[in-house]
Amino acid sequence: MRFKYSKPSIDISTEYTGLAKIDKSIRDGQYKAVDYLKQEPLRSKCLLCTQTLTQADIFSHRSLDYFLCNQCHHIQSKHLPTSLYPSDTPDGLSFLDVYPELTTEQFQSRQSRIYQPKFNWILESLLEYGFTIDEIQQKSWLELGSGAGYFLACLKDFAIKQFNGLERNEDLCGIANRYLQGRHAHPHTTSLASAVESWPADIYAAFFVLEHVQDAHLFFNALKASKPGTIFAFAIPMFSLSTLLETAFETHAGRNLDNALHVQLYTEDSLNYALKIAGFKVINQWLFGQDVGDLRRLLSIQLENNYPKYLASIMDNKLNALLDTMQANVDQIHFCDSRHILCIKEPV
Ligand SMILES: [Zn+2]
């Protein structure tokens, strides 16, 4: 298995600045959502390994209890969220409306800053593994959770012959198909497991999707049925330095285990368990996170209240200068808040 580490934080600086500005309203929305989640029934079985959770350890994170499964070490909320949580709570998702509708220029910027590096990394990894460019172009690709179509646009630009995306939100499918000038994004509202069963592909991709799947055991079992040589590229948030900061300090908005959009997290153990169920071998991992960005955000929010503006601004610049070097250390020891994984189905 190969590893790649880190990514310059400037790549996401636009999104980061937007998040910091509305930090407090996001944080308050997350705490309100928790009040509703606590009224839901208790989870009885681990969503990944299906082991009963009666013996599982419990810990509190921002006033919400979580199970640590004692078999696979997956982390999941003690209360079972509804399939629409948190958008079905009275305050809904209004506090999460971080990104306004994008212009063509903004679409292309987001594609090239965030999604093109993902595609390039997958491409380089597959070439290193022994595939030729022609073989990669001839493969059928399916993106699960294709959003506004940024990754699909990268596939189109690389002249991939057959590519499709499945997306819950019909409006996003419409946006994607407009940019792609073809019908590549398709509405899909049932489970991720059924997506894999009904859309066979040579390469599956899923970026920041699996952490929303409440029946993960069904999904990894569906992948188990895929043919040998099937490739799966995905990104997921992980239990990390960011999680620790969120548990220890409750004044900033959560981003990693935020109790609203994320009520489960993969650990190193539960990730390995999941891939073992599916029978996939990891070819390459790319580790980078925004943990130090979270540290800077929580410190800056606090210091703004304590320090004169001048001093707060100088200190924020110092923290900004730390971002990449300090994050590189976090990435190197596999303590970062997310991973990109490229894996391949092994022969049975
Ligand atoms: Zn488990």
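Reading the values: the criteria
Residues numbered from 1 in each chain as written. Predicted model: local features only at pLDDT ≥ 70, side-chain atom pairs only at ≥ 80, totals over all residues. Heavy atoms only, no water. Helix = DSSP H or I, 4+ residues; strand = E, 2+ residues; numbered from the N terminus. Contact = heavy atoms within 4.5 Å. Buried < 20%, exposed > 50% of the residue type's maximum accessible area, 1.4 Å probe, protein only. Pairing = 2+ DSSP bridges. Donors = N, O, S within 2.8 Å, 3.2 Å for Na, K, Ca; no water. Tetrahedral: all angles 85-135°; square planar, octahedral: opposite > 155°, others 65-115°. Axes fitted to C-alpha atoms, helices over the stretch in contact; angles between N-to-C directions.

Chemist: Kindly report on the environment of Ser77, identifying the contributing residues and their values.
Modeler: Its place among the elements puts Ser77 in strand E4 (residues 75–77). For the pair Ser77 and Asn259, spaced 182 residues apart in sequence, the C-alpha to C-alpha distance is 8.1 Å. In this structure, Ser77 is in contact with Leu37, Arg43, Leu64, Asp65, Tyr66, Phe67 and Val263, ignoring residues within four places of it in sequence.

Chemist: Lay out the pairing of strand E8 (residues 203–207) with the relevant residues and their values.
Modeler: A large share of E8 lies buried, amounting to five of its five residues. A two-sided burial pattern is seen for E8, the buried positions comprising Ile203, Ala205 and Phe207 on one face and Tyr204 and Ala206 on the other. Bridge count for strand E5 (residues 140–144) against E8 is three bridges, and the pairing is parallel. Within E8, the residue paired with Leu142 across the bridge is Tyr204. One ladder, built from five bridges, connects E8 with strand E9 (residues 231–237); its direction is parallel. From the neighbouring strand, Ile203 faces E9, where its bridge partner is Ile231.

Chemist: Got a sec to walk through the coordination of the zinc ion? Specific residues and values, please.
Modeler: Donor atoms from the polypeptide that coordinate the zinc ion comprise Cys46 (SG), Cys49 (SG), Cys69 (SG) and Cys72 (SG), at 2.2 to 2.3 Å from the metal. The coordination sphere of the zinc ion comprises four donor atoms, whose angles at the metal cover 101 to 116°; the geometry is tetrahedral.

Chemist: Run through the sheet that holds strand E7 (residues 185–187), naming residues and quoting values.
Modeler: Across the sheet, eight strands lie side by side as E1-E11-E12-E9-E8-E5-E6-E7; this open sheet has mixed pairing. Edge positions in the sheet fall to strand E1 (2–5) and E7, since each has one partner strand and no second. On average, adjacent strands in this sheet sit at an angle of 20° to one another, irrespective of strand direction.

Chemist: I'd like to hear about the sheet that holds strand E2 (residues 57–61), residue by residue, with values.
Modeler: Through backbone hydrogen bonds, the strands of a sheet pair up, either in parallel or in antiparallel fashion. If you trace the four strands from one edge of the open sheet to the other, you get E2-E3-E4-E10, paired in antiparallel fashion. The sheet terminates laterally at E2 and strand E10 (264–265), the two strands that pair on one side only. Here E4 pairs with E10 via two bridges, running antiparallel. Paired with Gln76 across the bridge in E10 is Gln264.

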